[in-house]
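# Architecture at a glance
So you can see what is in the structure, the chains are spelled out below.
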Amino acid sequence: MSRPLVEVEDLSVNFVTRESDVRAVNGVSFTMMPGEVMCMLGESGSGKSVTMRALMRLLPPKRSVITGKICIAGQDVQAMDHEALRRMRGSVVSMIFQEPMTAFDPVVRVGDQIAEVVSLHRGVSHKAGRQRALDLFDLVRIPSAQRRLDAYPHELSGGLRQRAMIALALSCEPKLLLADEPTTALDATVQIQVLILRRRLQQEMGMSVIFVTHDLGVAAEIADRVAVMYAGRVVETGPVRDLLRNPLHPYTAGLLASTVHDQPRDQDLKTIPGAPPDMRRLPPGCSFAPRCGFTTAACNAAMPPALTPAPGRLVRCLRAPAQQPELA
Amino acid sequence: MSTATSDALPPPDATELSLPAQRGYWGNVGYRLRYDPVTLCFGALLLLIILSAICAPWLAPFDPYQESIIRRLKPPGYQDRYWLGTDELGRDMLSRLLFGGRITLTMGIVPVLVATLIGGSLGVVAGFAGGLVNMIIMRVTDVFYAFPSVLLAVAISGAMGGGGGKGMMAPTRGFIRPLCRVAETATTQVRNLDFVDAARATGAPLRLVLWHHVLGNVLGPVLIYASSLVSVSIILASGLSFLGLGVKPPEPDWGLMLNALRQAIYVNPLICAMPGIMILLTSISMNMVSDGLRAAMDVRS
Amino acid sequence: MVMTSFGVEENDARDRGGPAQPLLIVNGLKKHFAIRGGVLGRVSARVRAVDGVSFSVRKGETLGIVGESGCGKSTVARLLMRLIVPDGGEQIFDGEAVGEPRGITVAEMRRQVQMVFQDSASSLNPRMPVQNSIAFGPIAFGTPKEEAIGMARELLVKVGLNPALFGGRYPHELSGGQKQRINIARALALKPRMIILDEAVSALDKSVEAQVLNLLQALKRDLKLTYIFISHDLGVVRWISDRVLVMYLGEVVEIGPADAIYNAPKHPYTRALLASRPALDPDNRREEAPVSGDPPNPINPPSGCRFHTRCAHAEAVCSAQAPRLGHADHGAHLAACHVEDAASGHSQAVRH
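The residue numbers shown here count from 1 along each chain, following its written sequence. Here the convention is simple: chains get letters from A, ligands get numbers from 1, in the order in which they are written. Thresholds applied to this predicted model are a pLDDT of at least 70 for local features of residues and 80 or more for the giving and counting of side-chain atom pairs; totals over whole chains, interfaces and linings are not thresholded and use all residues.

This part covers the overall build of chain B. Working definition: helices are DSSP H or I runs of at least four residues, strands are E runs of at least two. Numbering for both runs from the N terminus. Helix and strand content of chain B: twelve helices and zero strands. The buried share of chain B, reckoned over its 301 residues, is 42%. Look at the contacts in chain B between residues 6 or more apart in sequence, and 71% of them connect residues 24 or more apart. Exposed residues have 12 or fewer other C-beta atoms within 10 Å of their own C-beta, buried residues have 20 or more, and partly exposed residues fall in between, where C-beta atoms are placed from the backbone. Placing C-beta atoms from the backbone, we regard two residues as in contact once those atoms come within 7 Å.

See the structure below:
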């Protein structure tokens, strides 16, 4: 059995300002094996983006207080010095953002930017870096790759920029790719192309991917496992099929029901009543209790512990043992 | 469920009670300023200067025009009643500084106020109308920009013969263009925002859209810029008086006092420095308060 | 729900022509944006954002408009509200031409048609309490301020917010869903007959989106409104629309009843668009993208049929000649494609 690539234990992130102390991430733990694709699913304020940025230590050091343990490829990320961190970023862990324009320097040609990253990390010449950039552009199926290497970021269309950003992230063959809502800003026809591309690349390169999204459809298309986050905690994890067919946590079930796809028109959509909680004032018990249809007194007393009703599945809900997973 | 209301109202304990106390935009600005010690200090100083200028008739121990040959250029504390000493014509410095504050502050604030009204209005109209109107207004005001403001002020004052009132017109003319530009930029940015479109979409007359929606959002940047201009205006006015083109003697304007006391620098340097110190303090306070305001207004909750 | 002063009476005094007359007819709507370049600001290119769009909307129905970025749907919304001046085409509201000497003025049209914008940081005036933002419209038309604020508070109840708690709040204190409800309340303040919703739920979290959609349906039933719902989210458009219009690069490529469009799309672009939706089934993942490339730039659209560069069925006739949508009954399902036109000369043309 190979070692897990990512091990996160009891990660908590506090953002401290003069006016408030917000716990954006509250005791998140998960592990990931190499070659797996995991999706962190949640709405705004759930803490998913913060968790991911913590993995690469991208959070502003002055305002954020991080506790817990993060190990990537066996190394403790929190304990690294700047030199080790710099080496890790790009070659072991790489990140793709939502808005490709901000990932690139607008005044440098795209091919040169990729070549620069390659030569910095691998110690090869700029020319070798350009060659690698060309190979990458072919890999991500950018047409007329040679010509596009000399383009500036704003000269590329949205879909091409996304592909170029993927090429940049893959340039040093990282073991782990982090993607933050990478397809949210894309049109439907472009989004499906990018999703298929990423799936293919992931399979070919054996990379692990953690991506963050609020879109269940995207998760269904490319994830192996899903971790659902709510109010800074992981409330359910499991293989994507099981999770979508048989959600154990009421929030997951609510998300599924309220995603609009082919529901009958004359009936109201099923909704999760209420709104995501204010992270500064969380209720003492289960964070979802105010919106849950199945709340009991025990739910409000304390945060439900993480239960594992079936291998590979985790859920923080007191109802979970009572539900039997349906046999497919 | 056939109606949406029961879903629509969030359960009472979820978000509503957790909303912080109501604080308007300006309330937020005030709240942030409270934690800014530098701005508060200089704000207090500025307030002190302004108040003392307003209350000069009650605070001044002597008549500022009262001359006395025997008491010329006496050091501070002379005879226990001349706290800051006397100037070259025997007049009490403290009284002159207090009354001089009124003149200098007026010369500083009035031009900026008038220029804000004129330039600000022009800028808002130009920014909102866009196109040809914008171009016309901006190019016309550009004409004023072509001349360096100080020289223009000197030329105008010289041609018109100086005097306090006329001394204020020249800086006013110089400030209209930059204020117009700031207002126009701010208005152009605000004009493209969705809520302005929504206001136009109600079919409301243009002046109401401008008044309720555009002006409130443009006022911020314009006021900050205007407040930074006040110190420039004070220095300019003092400079004009120093050159003899602004206020005429025996008015106790600080710039004029600087000029008059120039010759006394070898006799009593401290007295000479006093009007200059007052100008300096006022300008710096104005600038620091303006900076602090900008910082408080920039951060959005 | 309590029907207050916002109940629309059975015989609305503003109604002309009764239920059979379409509330809105749009013919040949055009908007080209000029790109100015060079020192003298000469026009170097034209963005043909909206290029001959025609459709009609019946009273009480919801017309959905879908399309990707660059298709011109948001421009259409703003053209209908006359926030942008069209370059061509006519707009007929309840039988009367808008902006024409014999019809109604733009201002009069705006009293009957309102718009809900996408929730963004700039959809509400940050310096105004939300009830004042809602009351602005009525105040501008002469309603006394007290009365207008009272109306605004009633509207807050109608959209599901407690006026005592929310009336005096500022936009930055509210969540996305709450702000969007305020946007809806603001649109309702002038008692319109038709509301144009431009990506009104796109920026919201999924759970909040569902709540707002339910609210919109309830309001429509209650106040007898007509909606034009513009979105890129195909699932949402299907649920809320009676008829759907598909736009591509400034033109209408398909129009018809919602179920017909989603179950049996006629235009290759519509088929590709529908096939691009991620299935919620991990066992049914797509292996090939239905269409390649990006939506092209509206500055230099392809000749003839604008979709022919990405279409699997493209033939010579497609690049030579632009297909026409055709006119038919209101409920007909039409597609602007040579395959649908028996006389086009396309090898696969359907013979009716």
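Within chain C, the regular secondary structure consists of eleven helices and eleven strands. Over its C-alpha atoms chain C spans a radius of gyration of 22 Å, differing by no more than 12% from the 20 Å that the globule rule assigns to 352 residues. Each of the 352 residues in chain C was classed as buried or not, and the buried ones make up 52%. Sequence separation of at least 24 residues holds for 64% of the intrachain contacts in chain C that already meet a minimum separation of 6. The globule rule used here is 2.2 Å times the number of residues to the 0.38 power, and the radius of gyration it is set against is calculated over C-alpha atoms.

So, on to the sheet that holds strand 11 (residues 314-315) of chain A. Residue and element names in this part refer to chain A. Strand order in the open sheet formed by seven strands is 6-7-8-3-9-10-11, and the pairing between neighbours is mixed. Strand pairing shows two members of the sheet lacking a second neighbour, strand 6 (93-96) and strand 11, which therefore form its edges. In terms of strand pairing, strand 3 (residues 37-41) meets strand 8 (residues 208-213) through five bridges, oriented parallel. Residue pairing in the sheet places M40 in a bridge with V212 of strand 8. Axes, fitted as lines to C-alpha atoms, cover a helix only where it is in contact. Angles between the N-to-C directions of the axes lie from 0 to 180 degrees. With respect to the sheet, helix 7 (residues 158-170) is in contact with strand 6 and strand 7 (176-180), its orientation differing from that of strand 6 by roughly 170°. Strand pairing follows a simple DSSP-based rule, namely that at least 2 bridges must link the two strands.

Our focus in this paragraph is the confidence of the model for chain C. Averaged over chain C, the pLDDT score is 85; the fraction of residues at 70 or greater is 94%. The complex prediction reports pTM at 0.81, with the ipTM value standing at 0.81. Each residue carries a pLDDT score, the predictor's confidence in it, ranging from 0 to 100.

The next point concerns unusual backbone geometry. Non-glycine residue A73 of chain A carries a positive phi angle of around 55°. Within the secondary structure, A73 of chain A sits in the loop between strand 4 (64-72) and strand 5 (75-76). Phi is positive for D94 of chain C, which is not a glycine, with a value near 50°. Classification of D94 of chain C by C-beta neighbours within 10 Å gives buried; the count is 21.

Next up on the list: the interface of chain C and chain A. How big an interface is tends to be stated in terms of accessible area lost as the parts join. Contacts between the two partners involve 37 residues from chain C and, on the opposite side, 37 residues from chain A. Those elements that place two or more of their residues in the side of chain C that touches chain A are helix 7 (206-223), helix 8 (234-240) and helix 10 (268-275) of chain C. Ranked by residues supplied to the side of chain C that touches chain A, first place goes to helix 7 of chain C with eight residues. Of the residues that constitute the side of chain C that touches chain A, the class distribution is 16 nonpolar, eleven polar and ten charged. Any residue that is not Ala, Val, Leu, Ile, Met, Phe, Trp, Tyr, Cys, Pro, Asp, Glu, Lys or Arg is counted as polar, Gly included; the first ten are nonpolar and the last four charged.

Looking now at the sheet that holds strand 7 (residues 194-198) of chain C. All names here are of chain C. If you walk across this open sheet you meet the seven strands as 6-7-8-3-9-10-11, and the pairing is mixed. Here the strands that pair on one side only, and so sit at the sheet edges, are strand 6 (113-116) and strand 11 (334-335). Two elements, strand 3 (residues 62-66) and strand 9 (residues 243-248), share four bridges in a ladder whose sense is parallel. Bridged to V66 within strand 9 is V246.

Residues and elements named next belong to chain A. In this model helix 5 (residues 126-139) runs 20 Å from its N-terminal to its C-terminal C-alpha over 14 residues, within 8% of the 20 Å that 1.5 Å per residue would give. Within the sequence span of helix 5, burial applies to G129, R132, A133, L136 and F137. Buried residues in helix 5, looked at end-on, bunch into an arc of 145°, giving them a common side. Exposed residues lying more than 90 degrees from the buried face of helix 5 are K127 and D135. Here the expected span of a helix is defined as 1.5 Å times the quantity of residues minus one. Directions pointing from the helix axis toward each C-beta atom define the arc.

Residues and elements named next belong to chain B. At a closest axis distance of 8 Å, the pairing of helix 5 (residues 93-129) and helix 10 (residues 206-242) adopts a crossing angle of 145°. The handedness of the crossing between helix 5 and helix 10 is right-handed. Contacts from T104, M107, G108, I109, P111, V112, T116, G120, V124 and F128 of helix 5 reach helix 10 at L210, V214, L215, V218, V222, A226, L229, V230, S233, I234, A237 and S238. Taken together, the residues of the contact of helix 5 with helix 10 sort by class into 16 nonpolar, six polar and no charged. Here is the rule for handedness: rotate from the far helix to the near one, and if that takes an anticlockwise turn smaller than a right angle the crossing is left-handed, while a clockwise turn gives right-handed.

Time to look at the pairing of strand 2 (residues 21-32) of chain A. All names here are of chain A. Across nine bridges, strand 1 (residues 6-16) lies against strand 2 in antiparallel orientation. Counterpart to S12 in the pairing with strand 2 is N26. Hairpin connection between strand 1 and strand 2: a loop of four residues separates the two successive antiparallel strands.

Time to look at the environment of P290 of chain C. Structurally, P290 of chain C can be placed in the loop between helix 10 and helix 11 (316-320). Judged by the 20 C-beta atoms lying within 10 Å of it, P290 of chain C falls in the buried class. With residues up to four places along the chain from it excluded, the contact list for P290 of chain C reads I192 of chain A together with A272, A275 and S276 of chain C.

This part takes up the pairing of strand 8 of chain A. Residue and element names in this part refer to chain A. Most of strand 8 sits out of view: six of its six residues are buried. Residues S208, I210 and V212 point to one face of strand 8 and V209, F211 and T213 to the other, with burial holding for every one of them. Across five bridges, the pairing between strand 7 and strand 8 is parallel. In the sheet register, A179 faces strand 8, and the bridge partner there is F211. Handedness of a crossover is defined as follows: orient the strands so they point away from the viewer, and if the path from the first strand over the helix to the second runs clockwise, the crossover is right-handed. Handedness of the β-α-β unit built from strand 7, helix 8 (residues 188-205) and strand 8 comes out right-handed.

Of all residues in chain B, 85% have pLDDT values of 70 or greater, and the mean over the chain is 78. Low pLDDT (under 50) marks residues 1-21 of chain B, which in the prediction has 44 contacts with non-local residues, meaning those over four places away or in another chain.

To continue, consider the environment of R241 of chain A. Structurally, the position occupied by R241 of chain A is in helix 10 (residues 240-245). Sequence-wise, R241 of chain A and A223 of chain A are 18 residues apart; in three dimensions their C-alpha atoms are separated by 9.4 Å.

Turning our attention to the environment of M160 of chain B. Residue and element names in this part refer to chain B. Within the element layout of this structure, M160 appears in helix 7 (residues 149-160). We classify M160 as partly exposed; it has 14 C-beta atoms within 10 Å. Between the alpha carbons of M160 and I224 there is a distance of 31 Å; along the sequence they are 64 residues apart.

This part is about the packing of helix 11 (residues 250-258) of chain A against helix 7 of chain C. In the contact formed by helix 11 of chain A and helix 7 of chain C, the axes pass within 9 Å of each other and the chain directions differ by 50°. Of the possible angle classes, the one that applies to helix 11 of chain A and helix 7 of chain C is oblique. Between helix 11 of chain A and helix 7 of chain C lies a crossing whose hand is left-handed. Between helix 11 of chain A and helix 7 of chain C, the residues in contact are G254, L255 and S258 of chain A and K206, S207 and A210 of chain C, respectively. Residue composition of the contact of helix 11 of chain A with helix 7 of chain C, by class: two nonpolar, three polar and one charged. Here roughly perpendicular refers to angles of 65 to 115 degrees, roughly parallel to angles under 35, roughly antiparallel to angles over 145, and oblique to all remaining angles.

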